[in-house]
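The lines below spell out each chain.
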Amino acid sequence: MNRKFATFAGALVSFSMSAFAVEPASGLWWNPSEGGRGFTVDYQNGALVVTGFVFNPDGSPTFVQAAGPFNTFQNHFSATLATVTGGQCLGCPYNGATPKVLGTFTMDFSTQEKAHVTFPG
């Protein structure tokens, strides 16, 4: 293989990989057929933070969060999903929260505004 071809092939691979990279759209995400729950997604400088407003099995509302690096080459996000209990209420004296790890949360993006989400359990 000559040097010109190798340089061209390397540039072509680099171009084709970046052409399919997805940058997640920041904002509110939800499934219209599943009202009452959703997520906020914030993507900046290679990091993704996902906060979910969901419900516990007993029907009480809770928040969950996952944060970490976003793999732009695979359009994939995987991070520990956690929630907290015993935290601060509005207007109350400070009360420290206790984190609880729920497991691994993943998002595989097919477009900026469409992703397959996998929850722990």
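As shown above, the structure is provided for reference.
Quick caveat, the model's predicted, so the values are computed rather than measured. (Residues numbered from 1 in each chain as written. Predicted model: local features only at pLDDT ≥ 70, side-chain atom pairs only at ≥ 80, totals over all residues. Heavy atoms only, no water.)

J.: I keep staring at the overall build of the chain and nothing clicks. Help me out?
T.: The number of helices and strands found in the chain is one helix and seven strands. Overall, the chain shows an N-to-C arrangement of helices and strands of α-β-β-β-β-β-β-β. Among the 121 residues that make up the chain, the fraction classed as buried is 21%. Of the contacts formed within the chain by residues at least 6 apart in sequence, a portion of 30% connects residues at least 24 apart. Summed over all atoms, the accessible surface of the chain reaches about 8,500 Å², with 60% contributed by carbon and sulfur. (Helix = DSSP H or I, 4+ residues; strand = E, 2+ residues; numbered from the N terminus. Buried < 20%, exposed > 50% of the residue type's maximum accessible area, 1.4 Å probe, protein only. Contact = heavy atoms within 4.5 Å. Areas by Shrake-Rupley, 256 points an atom, 1.4 Å probe, with all protein chains shown as cover.)

J.: So what exactly am I meant to see when it comes to the environment of Phe105 here?
T.: Examined against the element boundaries, Phe105 turns out to sit in strand S6 (residues 98-111). Given the relative accessible area of 1%, Phe105 is considered buried. Placed 24 residues apart in sequence, Phe105 and Leu81 show a C-alpha to C-alpha distance of 5.6 Å. If near-sequence neighbours (up to four positions away) are discounted, Phe105 is found in contact with Phe39, Val50, Ala66, Phe77, Ser78, Ala79, Leu81, Val117, Thr118 and Phe119.

Any link to function would need more than the numbers given here.
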